[in-house]
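Okay, here's what each chain looks like letter by letter:
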Amino acid sequence: QVQLVESGGGLVQAGGSLRLSCAASGRTFSSYRMGWFRQAPGKEREFVTSITSGGMTYYVGSVQGRVTISRDNAKNTVYLRMNRLRPDDTAVYYCAARSSDAREYNYWGQGTQVTVSS
């Protein structure tokens, strides 16, 4: 069982930056693919970015160049650095983990709110 706890959300002006953190429990963090998803009001949850156990990263097109995912396996933590934030980045951001034997993300955090004002 893996527990994920996000932090770092808040209110920021358009053009600003935030760094979200996701702390994971468990001894096998390094083997998990980690991802960030977001859900805006009235919309479905969408994929934002992920990082594999080997450090390969993937981004959705709308955040490419503005967002960086990273992980620190020694701290069991994954980060989401967001720059040049826009009002349409406003959403609840969720951290997720996918174990090596899973086909989908099987662990989710509770989410952290990011609000970008214009």
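For the structure itself, consult the block above.
For the structure given in this document, a descriptive report is provided here.

Criteria and thresholds
- Here, residues in each chain are numbered from 1, in the same order as that chain's written sequence.
- With the structure being a predicted model, the display of local features is reserved for residues of pLDDT at least 70 and the display and counting of side-chain atom pairs for 80 or more, all residues being used for whole-chain, interface and lining totals.
- Based on all heavy atoms of the structure, the side-chain values leave hydrogens and waters out of the count.
- Residue types Ala, Val, Leu, Ile, Met, Phe, Trp, Tyr and Cys, when buried and joined through side-chain atoms within 4.5 Å, form a set referred to as a nonpolar core.
- Whether a residue is buried, partly exposed or exposed follows from its accessible area with a 1.4 Å probe, protein chains only, as a fraction of its type maximum: under 20%, in between, or over 50%, in that order.
- Runs of H or I in DSSP of at least four residues are treated as helices and runs of E of at least two as strands, each being numbered from the N terminus.
- Throughout this description, the term salt bridge denotes a Lys or Arg side-chain nitrogen within 4 Å of a carboxyl oxygen of Asp or Glu.

1. Observations concerning the nonpolar core
Then, number 1: Core analysis: the biggest nonpolar cluster contains 28 residues, and Leu 4, Met 34, Trp 36, Val 78, Met 82 and Tyr 93 have the highest contact counts within it.
Then, number 2: Put simply, the parts of the chain that give this core at least two residues each are strand E3 (18–24), strand E4 (33–39), strand E5 (46–51), strand E7 (67–72), strand E8 (77–82), strand E9 (91–98) and strand E11 (112–117).

2. Looking at unusual backbone geometry
Then, number 1: With a phi close to 50°, Asn 76 is a non-glycine residue in the positive phi region.
Then, number 2: You can see Asn 76 is positioned in the loop between E7 and E8.
Then, number 3: Asn 76 sits in the buried class, given a relative accessible area of 19%.
Then, number 4: Phi is positive for Arg 84, close to 50°, though the residue is something other than glycine.
Then, number 5: When you line up the elements, Arg 84 lands in the loop between E8 and E9.

3. A closer look at the pattern of salt bridges
Then, number 1: All chains considered together, the criterion is met by four salt bridges.
Then, number 2: The partner of Arg 38 in a salt bridge is Glu 46, and the shortest N-O contact between them spans 2.6 Å.
Then, number 3: Judged by its relative accessible area of 6%, Arg 38 is buried.
Then, number 4: Overall, the relative accessible area of 32% leaves Glu 46 in the partly exposed class.
Then, number 5: Between Arg 38 and Asp 89 there is a salt bridge whose closest N-O contact spans 2.9 Å. In this pair, Arg 38 sits in strand E4 while Asp 89 sits in the loop between E8 and E9, placing the two residues 51 residues apart along the sequence. In this pair, the class of Arg 38 matches that of Asp 89, namely buried.
Then, number 6: One salt-bridge network, in which partners are shared between bridges, spans Arg 38, Glu 46, Arg 66 and Asp 89.

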